[in-house]
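A structural walkthrough
Listed below, chain by chain, are the residues.
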Amino acid sequence: MATGFSVLDALNENSKRGIDATPKARFRTKDISIHKIYSNARNFYPQEGIEEKAGEILTVGLIENLAVMYAPSEEGEYKLISGERRWRALKLLVERGYTEYELVTCQVRNPANSHEEKIELIIANSSRDKSVATLLREESELKEELRYMKENGMKIHGRDLSEGKLRDVIASMLHVSGTKIAQMETINNNLIPELKEEIEKDNIKFSTAYELSGMDEEKQKEALQKLKDSGNLSYKEIKEMKNEGSEKVSESDTEDEPDIPVEEFTSQLPDVEEYETPHPEGITSLCYSCKRYIECNVRTSTCTSCDQYINKTEAYKSQEERYSEEQDKIDRETKKKLQEIDDEKKMEILPSDRKRIEIEKAQEGLLGYVCGELCSKTQADSCEKVCENCKLMNYVEQLKKSYERDYRK
């Protein structure tokens, strides 16, 4: 157990100040001058698009407040935890004469210690768009802070870090899968410094970096030289380098970012009784609808085919539901068959005959309507004689002749 600052000291200090650090939905806010706020030196996230952010604030106002902590220093009274881009944009607006933006509403946070402060900073930025280099640094620095807290028996907002694996904690905080965290660890631990510099320059994609991290140092240097010569290094090229001397690369190996750890690094995955070779592949996950989702140790967010997939919806259907579906299927097939028989019969009739039959049916329908609905004498004994002189029937006859003329045309 390390000596020095402990979480108990922080809690005692917070108690003296009357601060309750328990996470909750409500929080304390305060309007603070932007000139009293200063940048957090531990913030490693790029501060880009300040001009665009200033324009956005000028158009619609500040939508999300800043998060700060009271930490008086020569730079100011409040240190930023989240919202540095917004703070810089506000400063830019004030410099341009928009003094109404000097006061900003802030959430006043009270991290128990510097480690908790850093973790809050990372979590606050976890949902933003990030480059591969920023993503890798985020995982590395979060793991470093959590590891220190775990080794020293510290807790983060009541979470006991001694239970479970740090990888699972990191995955939940960064909203990614445990497999993705394992891939980041592999890159951070095994990639040579020169290739990490290329990642910083945004010259290498995540999938390519992950494949490179599975190669020995000599192969990585060879890949680096290829990158310098051609200016480009694709995922497929690295797969081919790794498979030199063996059969050709599978047709499924493309530049799409895989989410499956290679066999060399299975030891870094969560401990299970027997580790299974990862079988999912693709870009859209089947795992969430799989009956084995909870027990499977290779589930990913990018699975489209799996040799052990069991559809959860199908597996849990009742007998009644299955019977109903079978009956619906029979009904559909019967309807389809009857329609096919009807179509065949129609094909047996010549177009001219079909037209004649349609005309005759129309005539019969019209005659029936006239006699049955419009004629008041249909019940009379002399109905037939009456009909001979019926104006309605004469009109019907004219219509019949009109139909026949159309038919002959």
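This one's a predicted model, so the numbers in the text were calculated from it and none came from an experiment.

1. Some remarks on the overall build of the protein chain
On a plain count of helices and strands, the protein chain comes out with 16 helices and seven strands. Buried positions account for 35% of the 409 residues belonging to the protein chain. For the protein chain, the share of sequence-separated contacts (at least 6 apart) that also reach a separation of at least 24 residues comes to 61%. If you sum the accessible surface of the protein chain, you get close to 26000 Å²; carbon and sulfur atoms cover 47% of it.

2. A closer look at the side chain of Glu 117
The topology assignment puts Glu 117 in helix α4 (residues 114-124). Each residue touching Glu 117, except ones within four places of it in the same chain, is listed here: Asn 40, Arg 42, Met 69, Lys 79 and Pro 111.

3. Side note on the environment of Lys 30
Its location among the elements puts Lys 30 in strand β1 (residues 29-33). Counting along the chain gives 75 residues from Lys 30 to Thr 105, while the straight-line C-alpha distance between them is 5.6 Å. When neighbours within four sequence positions are excluded, Lys 30 is seen to be in contact with Tyr 78, Val 104, Thr 105, Cys 106 and Val 108.

4. Quick notes on the packing of helix α6 (residues 166-174) against helix α7 (residues 178-190)
Running from N to C, α6 and α7 cross one another at 110 degrees; their axes reach a closest spacing of 9 Å. Looking at the two axes, α6 sits roughly perpendicular to α7. Touching Arg 167, Ile 170, Ala 171 and Leu 174 of α6 are Gly 178, Ile 181, Ala 182 and Glu 185, all from α7. For the contact of α6 with α7, the per-class residue count stands at five nonpolar, one polar and two charged.

5. Structural notes on the nonpolar core
By size, the foremost hydrophobic cluster in this structure holds 40 residues, and its most contacted members are Leu 142, Leu 146, Ile 187, Ile 199 and Leu 212. Among the elements of the structure, α4, α5 (132-151), α6, α7, α8 (193-200), α9 (206-212), α10 (217-230) and α11 (235-242) are those that each provide at least two residues to this core. A per-element tally of this core places α5 first, with seven residues. What Leu 142 contacts, discounting residues up to four positions off in sequence, is Ile 119, Ile 122, Ile 170, Met 173 and Leu 174. The next biggest cluster of nonpolar side chains, apart from the first, holds 20 residues, and it includes Ile 32, Ile 50, Leu 80 and Tyr 101.

6. Side note on the packing of α4 against α5
When two helices pack together, their arrangement is given by the angle between the helix axes and by the axis-to-axis distance. Interhelical geometry of α4 versus α5 gives an angle of 150 degrees and a closest axis separation of 10 Å. It follows that α4 is roughly antiparallel to α5 by the angle criterion. Viewed along their axes, α4 and α5 form a crossing whose handedness is left-handed. Across the interface between the two elements, His 115, Lys 118, Ile 119 and Ile 122 from α4 touch Glu 138, Glu 141, Leu 142, Glu 145, Leu 146, Tyr 148 and Met 149 from α5. Of the residues in the contact of α4 with α5, the class split is six nonpolar, one polar and four charged.

7. Comments concerning unusual backbone geometry
One non-glycine residue, His 175, lies in positive phi territory at about 60 degrees. Relative to the helices and strands, His 175 is located in the loop between α6 and α7. Phi is positive for Asp 202, which is not a glycine, with a value near 65 degrees. Structurally, Asp 202 can be placed in the loop between α8 and α9.

8. Comments concerning the sheet that holds strand β2 (residues 37-38)
Taken in spatial order, the five strands make up an open sheet running β1-β5-β3-β4-β2, and their pairing is mixed. Every other strand in the sheet has two partners, leaving β1 and β2 as the edge strands with one partner each. Two strands pair when backbone bridges link them, and strand β3 (residues 66-70) and strand β5 (residues 103-109) are joined in this way by four bridges, in the parallel orientation. Across the sheet, Val 68 pairs through a bridge with Val 108, a residue of β5. Seen against the sheet, helix α3 (residues 84-95) touches β2, β3, β4 (78-82) and β5 and runs at an angle of roughly 125 degrees to β4.

9. Some words on the pattern of salt bridges
For side chains bearing opposite charge, pairing can occur when the charged atoms are close. A complete count under the given rule lists 13 salt bridges for this structure. The closest approach of N and O atoms between Glu 84 and Arg 88, which form a salt bridge, is 2.7 Å. Here the residue Glu 84 and the residue Arg 88 both occupy positions in helix α3, the gap between them amounting to four residues, near one helical turn. A relative accessible area of 34% means that Arg 88 is categorised as partly exposed.

10. Let's talk about the pairing of β4
Burial analysis of β4 places five of its five residues in the buried class, the great majority of the element. Of the pairings in the sheet, the one linking β2 to β4 comprises two bridges and is parallel in character. Looking at β4, one finds that Tyr 38 is bridged to Lys 79.

11. Things to note about the pairing of β3
The buried fraction of β3 amounts to four of the five residues, a majority that puts the element mostly inside the structure. As defined by bridge partners, β3 adjoins β4 across four bridges and the pair is classed as antiparallel. Among the inter-strand pairings, Met 69 is bridged to a residue of β4, identified as Lys 79.

12. A few points about α4
Of all eleven residues making up α4, eight are buried, and the element is well covered by its neighbours. Buried residues of α4: His 115, Glu 116, Glu 117, Lys 118, Ile 119, Glu 120, Leu 121 and Ile 122, and no others. Next to the buried residues of α4 lie β3, β4, β5, α5, β6 (155-156) and α6. The opening residue of α4 is Asn 113, an N-cap whose side-chain oxygen sits 3.0 Å from the backbone nitrogen of His 115.

What counts and how
Counting restarts for each chain, with residues numbered from 1 along the sequence as it is written. For this predicted model, a pLDDT threshold of at least 70 governs which residues receive local features, and a threshold of 80 or more governs which side-chain atom pairs are given and counted, while totals over whole chains, interfaces and linings are taken from all residues. For the side-chain quantities, the full set of heavy atoms in the structure was used; hydrogens and water were omitted. Secondary structure elements follow DSSP: runs of H or I no shorter than four residues count as helices, runs of E no shorter than two count as strands, and numbering proceeds from the N terminus. Burial classes: relative accessible area under 20% of the type maximum marks a residue as buried, over 50% as exposed, and values in between as partly exposed (1.4 Å probe, protein chains only). Working rule for contacts: check all heavy atoms of both residues, and any pair within 4.5 Å makes them a contact. Only the protein chains shown count as covering a residue, and every accessible area follows the Shrake-Rupley method with a 1.4 Å probe. To define axes, lines are fitted to C-alpha atoms, for helices over the stretch in contact only, and angles between the resulting N-to-C directions are given on a 0 to 180 degree scale. Under this scheme an angle from 65 to 115 degrees is roughly perpendicular, one under 35 degrees roughly parallel, and one over 145 degrees roughly antiparallel; angles in between are oblique. Residue type decides the class: Asp, Glu, Lys and Arg count as charged, Ala, Val, Leu, Ile, Met, Phe, Trp, Tyr, Cys and Pro as nonpolar, and the leftover types, Gly among them, as polar. Residue types Ala, Val, Leu, Ile, Met, Phe, Trp, Tyr and Cys, when buried and joined through side-chain atoms within 4.5 Å, form a set referred to as a nonpolar core. In this scheme the crossing of two helices becomes right-handed for a clockwise turn of the near helix relative to the far one and left-handed for an anticlockwise turn of less than a right angle. Following DSSP output, two strands are said to pair if at least two bridges run between them. We define a salt bridge as a side-chain nitrogen of Lys or Arg found within 4 Å of a carboxyl oxygen belonging to Asp or Glu. Throughout this description, a polar contact denotes any pair of N or O atoms lying within 3.5 Å of each other; where both atoms belong to protein, one of them has to be capable of donating a hydrogen while the other can accept it, and for residues adjacent in sequence the pair is counted only when both atoms sit in side chains.

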